[in-house]
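Chain residues, written in single-letter form:
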Amino acid sequence: MKRLVVIWFMLCTFDIYASESLTGVWSGYYRCSNTPIRLDLVLDQQDAQLQGLFLFYLSSGDTPSGAYTLSGQLNEDAGTLVLKPGEWQKRPIGFTAVGLSGQYEADQITGTISFNQCGSFQVAKDLERTEQLLAQVERSERLWEKAPTALAEAENETQECIAVAKWASKLKAEYPDLDMSHTPLNQIFQKAAPLFSDSDFKPVWGQSYTEYSKDERKRVYYDILSPCLKRRELSGYFKGYSHIVTRPFIMERGEFSHSEVVLRAQIIAQQRQWLHDKLTDLSRLPASEAGFASWEQIRADSDQQLSDIWPSEREGFEQGLAQTLARLAPEVLTGRVNRAVAEAADFTAISQLGRLLKENRLLVDSVPHEQLVLHKNIIARRQDQLIESEVSRDLEALSSISPDLNGLAQSTEWFRAFKSKYKALDGPSISKARQEFRFQRRSLLKNTKSQLIQNVNDVDSVTGLDQLVAIYIGLPSDRNESTLGTVWNSIDQRRQQLLSKQEKAALNSTYCERFRGHEEAIKEPSDRDVCDALATTIDEMNAAYKELGRKCRAREFGNNPILATQCMSLCVASQGRCNLSFKMTHFENLDCAAAQGEPGWICDYYVKFSGSDALMKEVLSIIAPNGGLGQGRFINAQDHWIHVR
């Protein structure tokens, strides 16, 4: 039983008032590989939460063969519990920590082990051992509470040991999530160094650690520390602390030895002095830009200057920073808002004002809500004033547009620029400008309708027609404008005529080629010319595959084996969609030279496309056969360049 209590002391302290709950010692058996194994569950219930220890015995006797922690919860209404395994306290070779789930009723818990090679378990509450355990815990708590924190006030050796344990336990109080059993010692040593600083060490030991001589440190170890660590009933107090409390007393050199701890204690003393000085400085900072700049510098330096002190000390410093910021922020933010509003004089300032509060988030989060609302209103009013002034200038430009076809083109560009300019803004002046534009636009469209139709009929290419639409009536609202009904009909008719003309020209291009002589060299194509010509080729290929896909989906291949083969390739390559299209994602024109013995220019280029399927690579090998590098001949066709495949 003593060994069980010692192991439990290493884990936690019970709630001594929970004797009617699941808290206590539960003894029984569980089965793994059809073998019964003796089991002790030591549980501590806090409301619906459970902490515990899983102890199993592979042989007779009171010494457990293995032990690990458990944690979980219970459902009091259903009378069920679920526990998951935690850290090993004692692990035999080849064993795995397992969880369990079960039901409890009166003084019995039954259930299953959550491991595929294990089965059921059954335990009953051992009232005698539970009573002994709770009594031991209660005695331990009384000893802990009664013992002083200073060694000089201890009345006996037990109180001396507890005073040392209280001193060491500050490490766990400062780092509650620190796993003392499994965290590497070098990481624990770094966190434990403040224990040996004057403010933590001297009140307990009666003098500075640095004042101990070598012989005195040895006497401390042999007269106090070693006896305390050897006392079994107190060993739980020192779980994980033995290296921390002993090494600086018995080691002269090495990790966490006397020499290293002295150096760390000096560093910690310097950091605490810095903390004290800076807290004083923070209390004196003026509520101004200079004061805020000093605050920012102190905050930036604190990460390095306070790296070795306790977390609670750093937390206290952070609170001092926050309190000072709350004092400085209202004046500093007000000054920045007032300056920004006073200096805002043009359209660029509108977006700058919009970013002002976001760029000062630290100050914004530290001012009262009422003040923040006031700042937002001030900024919004100034933005509205700037927008109104800027919109007025835009309306002046709109009013100067002539009521003819040139004016219609200017009107289109005006609205595109207006929309882009105010895309993230809104307000009555912007709405009013849009309304005035619509009135003027309708008048312009009405006055230029007949001239638009004439220009449409005069266009001799689809590209030219698209350019005409973009220049004069390329706004989204133009498509729904009733005034343009006859214009759009003319555009659609002319487009069909030009497409038919292009198709006929393509059908007769081979015949007409015989009448074409070798023209004299003309200006070489630009990067844009080469790119446009390649894009036209790709678009034609896309159109061909679109038509092929239509035939495939309509199952028009019938008894045509060639079309059937093409459909199979297309549908497989497009993963059943029977549709394929290629998009140019990168283009570079490397060099062009006049073609020898034939018209046009030979250009080398580098091009990439979206997609990576085999069919695409095969098709596009015409354009870029060498991993994206390609060469082609380009001929000038008066208003555009043609890629000769």
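Structural data are supplied above this passage.
Residues numbered from 1 in each chain as written. Predicted model: local features only at pLDDT ≥ 70, side-chain atom pairs only at ≥ 80, totals over all residues. Heavy atoms only, no water.

A.B. asks: I tried to follow helix α20 (residues 561–573) on my own but got confused; where do I start?
C.D. replies: In an α-helix, one turn spans 3.6 residues, which is why side chains three or four residues apart end up on the same side. Taking 1.5 Å of rise per residue, the 13 residues of α20 would be expected to cover 18 Å, and the 18 Å separating its terminal C-alpha atoms lies within 8% of that figure. For α20, every residue scored as buried is listed here: L563, C567, L570, C571 and A573. Summarising the axial view, the buried residues of α20 lie within an arc of 165°, below the 170-degree limit, and thus occupy one face. The exposed set on the far side of α20, more than 90 degrees from its buried face, consists of P561, I562, M568 and V572. Positive phi shows up at Q575, right after α20, with a value of about 55°. (Helix = DSSP H or I, 4+ residues; strand = E, 2+ residues; numbered from the N terminus. Expected span 1.5 Å × (residues − 1). Buried < 20%, exposed > 50% of the residue type's maximum accessible area, 1.4 Å probe, protein only. Arc of directions from axis to C-beta.)

A.B. asks: What's the story with the pattern of salt bridges in this structure? I'm lost.
C.D. replies: Pairs can form between side chains of opposite charge once their charged atoms are near each other. All chains considered together, the criterion is met by 23 salt bridges. When the shortest N-O distance is used, the salt bridge between D40 and R129 registers 2.9 Å. Remark: R129 occurs in helix α2 (residues 127–146) and D40 occurs in strand β2 (residues 35–46); sequence separation between them is 89 residues. By relative accessible area, D40 is classed as buried at 2%. One salt bridge in this structure joins E289 and R336, with 2.7 Å as the shortest N-O distance. (Salt bridge = Lys/Arg side-chain N within 4 Å of Asp/Glu carboxyl O.)

A.B. asks: Looking at this model, I keep getting lost on the nonpolar core. Mind explaining?
C.D. replies: For soluble globular proteins, nonpolar side chains are generally found buried alongside one another. If you look at the biggest cluster of nonpolar residues, it comprises 104 residues, and the most contacted ones within it are W167, L171, W205, I244 and I473. If one sorts the elements of this core by residue count, helix α10 (residues 311–343) sits on top with 10 residues. Residues in contact with W205, not counting those within four places in the same chain, are L151, V164, W167, Y212, V220, I224, L225 and F249. Counting 28 residues, the second largest nonpolar core, distinct from the first, contains V530, L548, C592 and W641. (Core = buried A, V, L, I, M, F, W, Y, C linked by side-chain atoms within 4.5 Å. Contact = heavy atoms within 4.5 Å.)

A.B. asks: Help me understand the packing of aromatic side chains, please; the structure alone is not making it clear to me.
C.D. replies: For any pair of aromatic rings, geometry is given as the distance between the ring centres together with the angle between the planes. One pass over the full model with this rule turns up 32 aromatic pairs. Seen in terms of ring centroids, F196 and F256 are 5.8 Å apart; in terms of plane orientation they differ by 80°. Their pairing is edge-to-face. You can see F196 sitting in the loop between α4 (185–192) and α5 (198–205) and its partner F256 sitting in the loop between α7 (242–250) and α8 (258–284), a full 60 residues away along the chain. Judged by its relative accessible area of 0%, F256 is buried. Looking at R38, its charged tip hangs above the ring of Y57, at a distance of 4.0 Å from the centre. (Phe/Tyr/Trp six-rings, centres within 6.5 Å; stacked < 30°, edge-to-face > 60°. Lys NZ or Arg CZ within 6 Å of the ring centre and 35° of its normal.)

A.B. asks: Looking at this structure, I do not really get the pairing of strand β9 (residues 584–594). What am I missing?
C.D. replies: Along a regular strand, successive side chains alternate from one face of the sheet to the other. Both β9 and strand β10 (residues 601–609) contribute to a ladder of nine bridges, which runs antiparallel. Opposite A593, over in β10, you have I602 as the bridge partner. Here β9 folds back onto β10 in antiparallel fashion, the turn holding six residues, of which G597 has a positive phi close to 80°. (Pairing = 2+ DSSP bridges.)

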